[in-house]
Amino acid sequence: MKQGIHPENYRLVVFKDMSNDEMFLCKSTADTKDTIEFEGTEYPLIKMEISSTSHPFYTGKTKLVDTAGRVDKFMNKYKKFAK
């Protein structure tokens with residue numbers, strides 16, 4: 001392996017799936033300002049939209065994701081640039 005190309009600031013981080021509130025602890029170098037108490041200890045928090053606990057491929061369940069609000073918000077925001 002090449003020396004000096006891998007990050008050295010790994011630390012324990014809690015990843016939280018915002019769609020179902022599942023959390024798991026893993027080492028990561030991701031930066032965040034949020035923290036959360038997990039199993040009695042405070043850790044940095046990374047919020048995710050989807051994880052293996054909520055993804056249809058892993059759960060076998062289909063889930064309706066509301067993107068209409070996002071599209072409308074985008075269209076309204078950039079309407080002034082339309083010709």
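Keep in mind it's a predicted model, so treat the numbers as computed, not measured.

What counts, and where the lines are drawn
- Residues numbered from 1 in each chain as written.
- Predicted model: local features only at pLDDT ≥ 70, side-chain atom pairs only at ≥ 80, totals over all residues.
- Heavy atoms only, no water.
- Pairing = 2+ DSSP bridges.
- Helix = DSSP H or I, 4+ residues; strand = E, 2+ residues; numbered from the N terminus.
- Phe/Tyr/Trp six-rings, centres within 6.5 Å; stacked < 30°, edge-to-face > 60°.
- Axes fitted to C-alpha atoms, helices over the stretch in contact; angles between N-to-C directions.
- Buried < 20%, exposed > 50% of the residue type's maximum accessible area, 1.4 Å probe, protein only.
- Contact = heavy atoms within 4.5 Å.

Draft legend 1. Structural detail: the pairing of strand 4 (residues 41-48). One ladder, built from four bridges, connects strand 1 (residues 11-17) with strand 4; its direction is parallel. Residue Asp17 lies in a different strand from strand 4, and its bridge partner there is Met48.

Draft legend 2. Focus on the packing of aromatic side chains. Evaluated as defined, the whole model comprises one aromatic pair. Judged by centre distance (5.5 Å) and plane angle (15°), the ring pair of Phe15 and Phe24 falls under stacked.

Draft legend 3. Just the sheet that holds strand 1, in detail. Spatially, 2-1-4-3 is the arrangement adopted by the four strands of the open sheet, whose pairing is mixed. Since the sheet does not close on itself, it has two edges, and those belong to strand 2 (22-28) and strand 3 (35-38), each with one partner. Put simply, the sheet's adjacent strands are angled 45° from each other on average, direction ignored. Two strands pair when backbone bridges link them, and strand 3 and strand 4 are joined in this way by four bridges, in the antiparallel orientation. Considered in strand 4, the bridge of Phe38 is made with Thr41.

Draft legend 4. Representation of the environment of Phe24. Tracing the chain through its elements places Phe24 in strand 2. Residue classification places Phe24 among the partly exposed residues on the basis of a relative accessible area of 35%. Residues Phe24 and Phe38, spaced 14 residues apart in sequence, show a C-alpha to C-alpha distance of 8.9 Å. Filtering out sequence-adjacent residues up to four positions away, Phe24 remains in contact with Val13, Val14, Phe15, Met48 and Ser51.

Draft legend 5. Looking closely at the environment of Lys33. On the secondary structure map, Lys33 appears in the loop between strand 2 and strand 3. Using a relative accessible area of 83% as the deciding quantity, one classes Lys33 as exposed. Sequence-wise, Lys33 and Pro44 are 11 residues apart; in three dimensions their C-alpha atoms are separated by 7.0 Å.

Draft legend 6. Geometry of the side chain of Lys16. Tracing the backbone through its elements, the reader meets Lys16 in strand 1. Assessed through its relative accessible area of 18%, Lys16 is described here as buried. Residues contacting Lys16, with those up to four places away along its chain left out, are Asp21, Glu22, Met23, Leu45, Ile46, Lys47 and Met48.

Coordinates in, geometry out; function isn't part of it.
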